[in-house]
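Next come the chains, spelled out residue by residue.
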Amino acid sequence: MHDITPCLWFDHQAEEAVNFYLPIFPNSRITQIARYGKAGPGQEGSVMTIAFELDGRPFVALNGGPVFMFNEAISFQVFCDTQERIDYFWDRLCDGGTESQCGWLKDKYGLSWQIVPRALTAMMTDPDPARVARMTEAMFKMTRLDIAGLRKAYDNPQ
């Protein structure tokens, strides 16, 4: 176990969610499953926690009941080098979920993701405020981020 591992609280869909995420990310696997015993509070034999890795990074999914729900205060960023990779992750993670703006989406379990071009960081931190402003204005009009559109706004003054 790593020193810091995100724990994702699900009502009862932890195993289903993990099986949804695993084929999306390379180098992913389930590493351990713990089941509820007679003491509960879940049904005896049902999944309590699943330790898993997404692209080699550790996570735990917990079936904790309907007490807590995900919200946008926590999201996972997926950095992509190409539009093809952005489209790949967007299409799969958004399947059954909802699109938001600026590269944000919620998957069908309510977990928020940001599908981000790696080049965005360099554009956002450029010392030229006019370039940053043009690119940011273009980004605010997008749901799925479009690298070519961001680059065009960034490079070309009106």
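Residues numbered from 1 in each chain as written. Predicted model: local features only at pLDDT ≥ 70, side-chain atom pairs only at ≥ 80, totals over all residues. Heavy atoms only, no water.

Draft legend 1. Geometry of the environment of Ala51. Structurally, Ala51 is set in strand 3 (residues 47-54). Separated by 35 residues in sequence, Ala51 and Ile86 have C-alpha atoms that sit 26 Å apart. Residues contacting Ala51, with those up to four places away along its chain left out, are Ile30, Thr31, Gln32, Phe59 and Val60. (Helix = DSSP H or I, 4+ residues; strand = E, 2+ residues; numbered from the N terminus. Contact = heavy atoms within 4.5 Å.)

Draft legend 2. Region of the structure containing the sheet that holds strand 6 (residues 98-99). One open sheet accounts for four strands, arranged 5-8-7-6; its pairing is mixed. In this open sheet, the two strands that pair with only one neighbour each are strand 5 (75-80) and strand 6. As judged from the three bridges shared by strand 7 (residues 104-106) and strand 8 (residues 112-117), these two strands associate in the antiparallel manner. Paired with Leu105 across the two strands is Trp113, which belongs to strand 8. (Pairing = 2+ DSSP bridges.)

Draft legend 3. Inspection of the packing of aromatic side chains at higher detail. Summed over the entire model, instances satisfying the criterion amount to 13 aromatic pairs. Aromatic pair Phe20 and Tyr109: ring centres 5.8 Å apart, planes at 70 degrees, arrangement edge-to-face. Placement of the pair is Phe20 in helix 1 (residues 14-21) and Tyr109 in the loop between strand 7 and strand 8, with a sequence separation of 89 residues. Here the two residues Phe20 and Tyr109 agree in accessibility, since each one is buried. Ring geometry for Phe52 and Phe59: centres 5.5 Å apart, planes at 20 degrees, overall stacked. Of the two residues, Phe52 and Phe59, both sit in the buried class. Here the aromatic residues Phe10, Phe20, Tyr21, Phe25, Phe52, Phe59, Phe70, Phe76, Tyr88, Phe89, Tyr109 and Trp113 are joined through ring pairs into a cluster of three or more. For Arg131, the ring lying beneath its charged end belongs to Tyr154, and the centroid distance is 4.0 Å. (Phe/Tyr/Trp six-rings, centres within 6.5 Å; stacked < 30°, edge-to-face > 60°. Buried < 20%, exposed > 50% of the residue type's maximum accessible area, 1.4 Å probe, protein only. Lys NZ or Arg CZ within 6 Å of the ring centre and 35° of its normal.)

Any functional reading would require information beyond the geometric quantities listed.
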